[in-house]
Amino acid sequence: MAHATADISTVNYTVSLMAGHHPLTADEGAAAGGQDAGPSPHELLCAALAACTAMRAVRVEVVLHFEGKEARSATRRLRLTGDLDAAQRARLADIAERTPVTLTLKQGVAITTILE
């Protein structure tokens, strides 16, 4: 099971996060009213996909594409180095399509909100 908590600070949009036992900070950029004290929530989503993929490839870049305010797609670019033939490159691309975060995003996740 993965677990995270978030607490808003007294500064607009700056959030203290605990991802497992790792402290992080999230924020919005200045253009969105934040202080840019950390990555935005959408950047953290891109980072999760990139991190999960990079554990199986070399260098990964993820870009989330929006139509208005709605995320519509993501582009993941694998930068492979070394003397790899076409079959090896295809195998790494196939593995990237089956990483845990990739599969979670592709299948979608039901979200239940509980008020306490």
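Everything that follows concerns the structure shown earlier in this document.
My aim in this report is to walk through the structure given alongside it, one point at a time.

Reading guide: rules and limits
Residues numbered from 1 in each chain as written. Predicted model: local features only at pLDDT ≥ 70, side-chain atom pairs only at ≥ 80, totals over all residues. Heavy atoms only, no water. Pairing = 2+ DSSP bridges. Helix = DSSP H or I, 4+ residues; strand = E, 2+ residues; numbered from the N terminus. Core = buried A, V, L, I, M, F, W, Y, C linked by side-chain atoms within 4.5 Å. Buried < 20%, exposed > 50% of the residue type's maximum accessible area, 1.4 Å probe, protein only. Contact = heavy atoms within 4.5 Å.

A short note on the pairing of strand 2 (residues 15-19)
Step number 1: One ladder, built from five bridges, connects strand 1 (residues 4-8) with strand 2; its direction is antiparallel. Across the sheet, Ile8 pairs through a bridge with Val15, a residue of strand 2.
Step number 2: Where strand 1 folds back onto strand 2 in an antiparallel hairpin, the turn is made up of six residues, including Tyr13, whose phi is positive at roughly 70 degrees.

Some details on the nonpolar core
Step number 1: One finds Cys46, Leu49, Ala50, Ala57, Val60, Val62, Leu64, Leu80 and Leu92 forming the largest nonpolar core, which totals nine residues.
Step number 2: Within the residue set of this core, elements represented by two or more residues are helix 1 (41-54) and strand 4 (59-67).
Step number 3: Dropping the residues within four chain positions of it, Ala57 is found in contact with Leu78 and Leu80.

As for the environment of Val101
Step number 1: One can find Val101 in helix 3 (residues 100-107).
Step number 2: Taking relative accessible area as the criterion, Val101 reaches 23% and is therefore assigned partly exposed.
Step number 3: Separated by twelve residues in the primary sequence, Val101 and Thr113 place their C-alpha atoms 21 Å from one another.
Step number 4: Apart from the residues within four sequence positions on either side, Val101 is in contact with Ala48, Leu49 and Cys52.

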